[in-house]
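# Observations on the three-dimensional arrangement
Below, each chain spelled out in residue letters.
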Amino acid sequence: MAAPWWRAALYGSRRWRAFSTSAACSRRTAPLGPMPNEDIDVSNLERLEKYRSFERYRRRAEQEARAPHWWRTYWEHFGEKSDPKDKIDIGLPPPKICRTQQLLERKQVLRELRANVEEERAARLRTARIPLEEVRAEWERTCGPYHKQRLAEYYGLYRDLFHGATFVPRVPLHVAYAVGEEDLMPVYHGNEVTPTEATQAPEVAYEADQDSLWTLLLTSLDGHLLEPDAEYVHWLVTNIPGNRVAEGQETCPYLQPFPARGSGFHRFAFLLFKQDKPIDFSEDTRPSPCHQLAQRTFHTFDFYKKHQEAMTPAGLAFFQCRWDDSVTHVFHQLLDMREPVFEFVRPSPYHPKQKRFPHRQPLRYLDRYRDSHEPTYGIY
């Protein structure tokens, strides 16, 4: 039986209305300005400007990248741009580099490479070997400190440690934790180190003159349990002669990281300060051993502000850390307090006492009482 005419007209109007609504929702707004490369005539590419060298192309590309465009991201278009010149630099002054001497050294290296037949043959056959240690040393000497500064700004270290002031870590700081008898866990710039690996004090190395004095600080930026803007000092060694950390004055003994359970990753920063003269740190001295968190409450900004006339930040290394089983031992045995937990801890499943002769039990009855943490399968 055919449908009434009014029903067909009604359904047809509904379908038409849905189609028009979807079409209206997919309609896009007009652009705020000219689109990229809108002025280029694509039909005649031969008339475009040709660049005689890559250097000219690079300069034009950088000039175009710095030019203001409306099609950049929302944050760049509407956000407030912070001028890096407004930040206070509290670090060491940059070394004086002679550009002419650099060009002469580079030309000398190029001459030696061109004159070396074996190197040229290895490069052509793709069998040349690059010494990574020399590459890393060159990186540490040239652009490495600025890369470390950008990483520290990305992780918010300067914002939380020095209230926005910045510095370039010009002294390479090498920190490594001993894991077992042969293995080492290095600390770079944001890698993860577990509390179990950081149980003992690390090995610290840096280049320094024999007559210089240094201060080494390890602080936790996110671990304070009561004050959100405070820190916990985990290690403080002052008046270090040269690079002999073991001969310095241990103002605060080492304490392994203890990030609370459920609080995520915590930032731990090693700061190396260069001293102009011997400093009296009697006000910052903690007892040994120091297992009271109230005594380890620390503010890096106040510490630096008090001694800024005699020391300057020079080196930086930091890592991230989150909870593991060793943190429970630190809270219960060393700090003598209940462990704070910021997540739901699911209790272990209850199993009644094992029967010697189980009757009418499932086949995997013995899996309940297995002495291992391997996952079991079955319906209990």
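Quick note: structure is the one above.
Residues numbered from 1 in each chain as written. Predicted model: local features only at pLDDT ≥ 70, side-chain atom pairs only at ≥ 80, totals over all residues. Heavy atoms only, no water.

## With respect to the packing of aromatic side chains
Cut-off, in case you're wondering: Any pair of Phe, Tyr and Trp rings, taking the six-membered ring for Trp, is counted once the centres come within 6.5 Å. Such a pair is stacked with planes under 30 degrees apart, edge-to-face with planes over 60 apart, and tilted for the rest. Each helix is a run of H or I in the DSSP string that is no shorter than four residues. Each strand is a run of E no shorter than two, and both are numbered from the N terminus. To sort residues, take the accessible area from a 1.4 Å probe on protein chains only and compare it with the maximum for the residue type: under 20% means buried, over 50% means exposed, and anything in between is partly exposed. For a Lys NZ or an Arg CZ to count as sitting over a ring, it must be within 6 Å of the ring centre and within 35 degrees of the ring normal.
Inspection of the entire model under this criterion finds 18 aromatic pairs. Here the aromatic rings of Phe258 and Phe331 are separated by 5.6 Å at their centres, their planes lie at 85°, and the arrangement is edge-to-face. Pair noted here: Phe258 is in the loop between β7 (249-252) and β8 (266-275) and Phe331 is in helix α10 (residues 325-334), with a separation of 73 residues, a long-range link. Phe331 shares its class with Phe258; the two are buried. An aromatic cluster of three or more residues is present, and its members are Tyr158, Phe162, Phe167, Phe273, Phe281, Phe298, Phe303 and Tyr304. Directly above the aromatic system of Trp323 lies the positively charged group of Arg261, at a separation of 4.4 Å from the ring centroid.

## Focus on the sheet that holds strand β1 (residues 174-179)
Heads up, the condition is: When DSSP finds two or more bridges between two strands, those strands count as paired. Each axis is a line fitted through C-alpha atoms, and for a helix only the stretch in contact is used; angles between axes span 0 to 180 degrees, taken between their N-to-C directions.
With respect to topology, 3 strands assemble into an open sheet ordered β2-β1-β4, the strand pairing being antiparallel. Taken across any chain shown, the strands that pair with only one partner, and hence form the sheet edges, are β2 (183-187) and β4 (203-205). Neighbour-to-neighbour, the strand axes of the sheet open up by a mean angle of 30°, direction not taken into account. Pairing of β1 with β2 involves 5 bridges; the strand directions are antiparallel. Bridge pairing in β2 places Ala176 opposite Pro186.

## Some points on the pattern of salt bridges
We apply this condition: One speaks of a salt bridge when a side-chain nitrogen belonging to Lys or Arg is within 4 Å of a carboxyl oxygen belonging to Asp or Glu.
Under the definition given, this model contains 17 salt bridges. The salt bridge partner of Arg59 is Glu55, with a shortest N-O separation of 3.5 Å. Within this pair, Arg59 and its partner Glu55 are both found in helix α2 (residues 54-66), separated by 4 residues, close to a single helical turn. We classify Glu55 as partly exposed; its relative accessible area is 34%. A salt bridge links Arg141 to Glu138; the shortest N-O distance between them is 2.7 Å. With Arg141 and Glu138 both in helix α6 (residues 132-141) and 3 residues apart, the pair spans about one turn of that helix. Here the residues in one salt-bridge network are Glu55, Arg58, Arg59 and Glu62, joined through shared partners.

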